[in-house]
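Chain by chain, the residues run as shown.
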Number of protein chains: 2
Amino acid sequence: MRISLKETADYLLNNDKYLLLCHISPDGDTVGSALALARALMAKGKSVQVKCGDKFTKDFDFMFEGLEFPEFEPEHIVAVDVADPKLLGDKYMGLYGDKVELCIDHHASNVLYSDMVCIEPDSASAAEIVYLIIRMIDAEITPIIASCLFTGVSTDTGCFRFSNTTVRTFQIAARLAELGADTYNIIQTFFETKTKTYAALERLALDSMRFYFSDKCAIICITQDMYAKTGSNETETTMLANLPRMVEGVLVGIMMRELKDGSFKVSVRTHGDIDASAICKRLGGGGHMGAAACTINATKQQAINLLLKEIRPEIDAIKLD
Amino acid sequence: MRISLKETADYLLNNDKYLLLCHISPDGDTVGSALALARALMAKGKSVQVKCGDKFTKDFDFMFEGLEFPEFEPEHIVAVDVADPKLLGDKYMGLYGDKVELCIDHHASNVLYSDMVCIEPDSASAAEIVYLIIRMIDAEITPIIASCLFTGVSTDTGCFRFSNTTVRTFQIAARLAELGADTYNIIQTFFETKTKTYAALERLALDSMRFYFSDKCAIICITQDMYAKTGSNETETTMLANLPRMVEGVLVGIMMRELKDGSFKVSVRTHGDIDASAICKRLGGGGHMGAAACTINATKQQAINLLLKEIRPEIDAIKLD
């Protein structure tokens, strides 16, 4: 059942003992949104826990500062920015996959697995929705809550660069800055800092870039061998996914990264009217219009061929316009 | 004489026949600010011309759409975002260098060459100041004016990433988005698009990166030879200047680029308390706290040595903290 922001706020105010769940490979939006909501609910006297099937990386440490999650048996399970119970990870999918009461999300591809879903597919981030919900439950947006939300708002828009960025995104970002969000350090952490291992991996990634369809499609491929050579790992590939699409004229930018089992995780970024989500859906994945992902269990060349086969009609359709 | 925003607005309303001047190597802030102000003044019935010592590149074409500058003998010369008359270029410095009546600027290093100066060194861009002035002269901020201003606001903050970005920057950006600024296309043009020649140059630039002072300083060096190899040129180096500082642990990031006469134009980007402007000033240049520039007439190795000599005490001072 789809419920409104107001109904979501009422539900959160009328219940207690929440377990908030983040998606695996946790990013700034799922963690920032969950921690902002957790802090706001705690300020309203609620007992809250936050869990994730993967470890939170150190970049998110600031969000947990001064926070202690009490021990209790959760009575209400709320998933934040989790489009599919599979994204809870094996452990939490097993424990809670069919028990999620409320899902707060912005993915059009949400599989509607929860009893209630508060979803705004036009929202650039879950954090924008959580900002509105926190306003509605009348909790104070403290500087740390503002920082958690700003992390979600900025990371899910590539720091205001992706096409999902709206007027409301800028308005909420400005409001969060006014409320004391540490905008500079958040942006430095998530966008302006490259580890030396990342910088080395980026060079190899750029070297691997190949062009197709009269340079309208560009593909980079990160292999396990590259991680070994640079001392890097898959957690450092997030920013690489945007590089192919940045080259002038490229409408479909692809990052393939080899998993340990030899299969490929594929991130698709598109410009204009090309629907990344449609391409990935046909390959068993999903996502948004401009950014989507899927996994292909095949050799590198087979995976590239499969991708090109799905991309060709999308590029051909643009040519006809 | 320093004058306030209000006095600047009054001066602009009480006079006519303006020539607005941009700085050479025109960037989004000088062009966006000048064009926004020109359009606002024209809407108030004033005759306005805009000139620059260098050609405007095609990225700025949208700002001139539907605009015709009338022929007239200018009576009042206004420089926008021009910290030094030298930055007008030889021709306009000769013609107008000592005749600039008003300068609207945000560079702390402004040499105060004009009769009147409206300067806010804490403003991230001249565009923020021009936004406030346009509000004060009570001209409508049309979508195209909003786009011109948003170009200045976003480009001079590295798309909200530099330390000069303030709460007011986000507020003005949000307001400009509300007023119809084409935020997505502006950001795509100035931040998310790499020409193929740029992408090739970037790879060579990354290859040239060398580290000093226990990796607290990183230097990349762009040579004329690299332009020849990649088909690129110096107009494509702007974004490269930020790359060295992005590496984790780097406090001073330097881009040197070889000019045709063999000398080096040096861009310095710093983190935290290290004053880029102080480093460059000692080498005959200037700029802001976090971003400054100078020119060194020496061989590559001599130039590096000169830079390291000026940077060492700044890094040593940080160690003592």
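Residues numbered from 1 in each chain as written. Chains lettered and ligands numbered in written order. Predicted model: local features only at pLDDT ≥ 70, side-chain atom pairs only at ≥ 80, totals over all residues. Heavy atoms only, no water.

Some thoughts on the overall build of chain A
In step 1: Helix and strand counts for chain A stand at 12 helices and 11 strands.
In step 2: Scaling as 2.2 N^0.38, a compact globule of 321 residues should have a C-alpha radius of gyration of about 20 Å, and chain A matches this with 20 Å.
In step 3: Seen through its principal axes, chain A has C-alpha atoms that stretch 60 × 40 × 40 Å.
In step 4: Buried positions account for 56% of the 321 residues belonging to chain A.
In step 5: The long-range share in chain A, meaning contacts at least 24 apart out of those at least 6 apart in sequence, stands at 66%.
In step 6: Looking at chain A as shown, the accessible area adds up to about 13,300 Å², and 50% of this sits on carbon and sulfur atoms.
In step 7: The distance from the centre of the 33 positive side-chain charges to the centre of the 44 negative ones in chain A is 4 Å. (Helix = DSSP H or I, 4+ residues; strand = E, 2+ residues; numbered from the N terminus. Rg over C-alpha atoms; globule rule 2.2 N^0.38 Å. Buried < 20%, exposed > 50% of the residue type's maximum accessible area, 1.4 Å probe, protein only. Contact = heavy atoms within 4.5 Å. Areas by Shrake-Rupley, 256 points an atom, 1.4 Å probe, with all protein chains shown as cover. Lys, Arg positive; Asp, Glu negative; His and termini not counted. Charge placed at Lys NZ, Arg CZ, Asp CG, Glu CD.)

Some thoughts on the pattern of salt bridges
Residue and element names in this part refer to chain A.
In step 1: Summed over the entire model, instances satisfying the criterion amount to 26 salt bridges over all chains.
In step 2: One salt bridge in this structure joins R175 and E178, with 2.4 Å as the shortest N-O distance. Of this pair, R175 and E178 both sit in helix α6 (residues 167-178), separated by three residues, roughly a single helical turn.
In step 3: A residue is classified by how much of its surface remains accessible, and R175, at 33% relative accessible area, is partly exposed.
In step 4: Take E178: its relative accessible area is 37%, and that puts it in the partly exposed class. (Salt bridge = Lys/Arg side-chain N within 4 Å of Asp/Glu carboxyl O.)

What to know about the packing of helix α2 (residues 28-43) of chain A against helix α4 (residues 126-136) of chain A
Residue and element names in this part refer to chain A.
In step 1: Across the interface, α2 lies against α4 with an axial gap of 9 Å and an inter-helix angle of 10 degrees. As judged from the angle between their axes, α2 and α4 are roughly parallel. Together, D29, S33, A36, L37 and A40 of α2 and A126, A127, V130, I133 and I134 of α4 make up the contact between the two elements.
In step 2: Of the residues contributing to the contact of α2 with α4, the split by class is eight nonpolar, one polar and one charged. (Axes fitted to C-alpha atoms, helices over the stretch in contact; angles between N-to-C directions. Parallel < 35°, antiparallel > 145°, perpendicular 65-115°, else oblique. Nonpolar A, V, L, I, M, F, W, Y, C, P; charged D, E, K, R; others polar.)

Brief notes about the sheet that holds strand β3 (residues 76-80) of chain A
Residue and element names in this part refer to chain A.
In step 1: Read across the sheet, five strands follow the order β2-β1-β3-β4-β5 without closing on themselves; strand pairing throughout is parallel. A strand with exactly one partner marks an edge of an open sheet, and here the two such strands are β2 (48-52) and β5 (116-119). Neighbouring strand axes in the sheet, compared pairwise and without regard to direction, differ in orientation by 20 degrees on average.
In step 2: In the sheet, β3 pairs with strand β4 (residues 100-105) via four bridges, with the strands oriented parallel. Its bridge partner being in β4, I77 is matched across the sheet by V100. (Pairing = 2+ DSSP bridges.)

Quick notes on the packing of helix α5 (residues 143-155) of chain A against helix α7 (residues 183-191) of chain A
All names here are of chain A.
In step 1: The N-to-C vectors of α5 and α7 enclose an angle of 45 degrees; their axes lie 10 Å apart at closest approach. Put simply, α5 runs oblique to α7. Crossing hand, α5 versus α7: right-handed. Side by side, α5 and α7 meet where S147, F150, T151, S154 and T155 of the first sit next to T183, I186, I187, F190 and F191 of the second.
In step 2: Its residues assigned to classes, the contact of α5 with α7 comprises five nonpolar, five polar and no charged. (Left-handed = near helix turned anticlockwise from the far one by under 90°.)

What to know about the relation of the copies chain B and chain A
In step 1: Turning chain B through 180 degrees and shifting it by 0.0 Å along the axis lays it on chain A, with an RMSD of 0.0 Å. Taken together, these values place the two copies in the relation of a two-fold axis.
In step 2: Here 100% of the interface residues in chain B have copies in chain A that are interface residues too; the copies meet face to matching face. (Least-squares fit on C-alpha atoms with pLDDT ≥ 70 in both.)

A look at helix α5 (residues 143-155) of chain B
Each turn of an α-helix holds 3.6 residues, which means side chains three or four residues apart point in the same direction.
In step 1: For α5 of chain B, which comprises 13 residues, the first-to-last C-alpha distance of 18 Å matches the rise-based estimate of 18 Å (1.5 Å per residue) to within 8%.
In step 2: Of all the 13 residues making up α5 of chain B, 11 are buried; the element is thus mostly covered by neighbouring parts of the structure.
In step 3: Residues of α5 of chain B that are buried make contact with α6 of chain A together with α2 (28-43), α4 (126-136), α6 (167-178) and α7 (183-191) of chain B. (Expected span 1.5 Å × (residues − 1).)

Looking at the sheet that holds strand β8 (residues 252-258) of chain A
All names here are of chain A.
In step 1: Spatial strand order, β6-β7-β8-β9-β11-β10: six strands in an open sheet with mixed pairing. Every interior strand has two partners, whereas the edge strands, β6 (210-212) and β10 (286-287), have only one.
In step 2: Pairing between β8 and strand β9 (residues 264-270): seven bridges, direction antiparallel. Across the sheet, residue E258 finds its bridge partner in β9, namely F264.

Some points on the interface of chain B and chain A
In step 1: Listed as interface residues are 36 residues of chain B and, on the opposing side, 36 residues of chain A.
In step 2: Area buried by chain B at its contact with chain A is led by R161, F170 and M246 of chain B, which between them contribute 21% of it.
In step 3: For the interface between chain B and chain A, the tally reads six salt bridges.
In step 4: Here chain B is connected to chain A by 15 residue pairs in polar contact (both at pLDDT 80 or more). (Buried area = accessible area lost by both parts, 1.4 Å probe. Polar contact = N/O pair within 3.5 Å; in protein donor to acceptor, adjacent residues only side chain to side chain.)

Brief notes about the domain arrangement of chain A
Residue and element names in this part refer to chain A.
In step 1: You can read the domains of chain A as domain 1 (5-191) and domain 2 (196-320).
In step 2: The gap between the C-alpha centroids of domain 1 and domain 2 is 27 Å.
In step 3: Counting from both sides, the interface comprises six residues of domain 1 and, opposite them, five residues of domain 2.
In step 4: Taken together, both faces of the contact between domain 1 and domain 2 bury some 520 Å²; the carbon and sulfur share is 56%.
In step 5: Scanning the region where domain 1 abuts domain 2 turns up zero salt bridges.
In step 6: Run the count over domain 1 and domain 2 and you get one residue pair in polar contact (both at pLDDT 80 or more).
In step 7: Taken together, the residues that form the side of domain 1 that touches domain 2 break down as three nonpolar, three polar and no charged. (Domains from an automatic or database assignment.)

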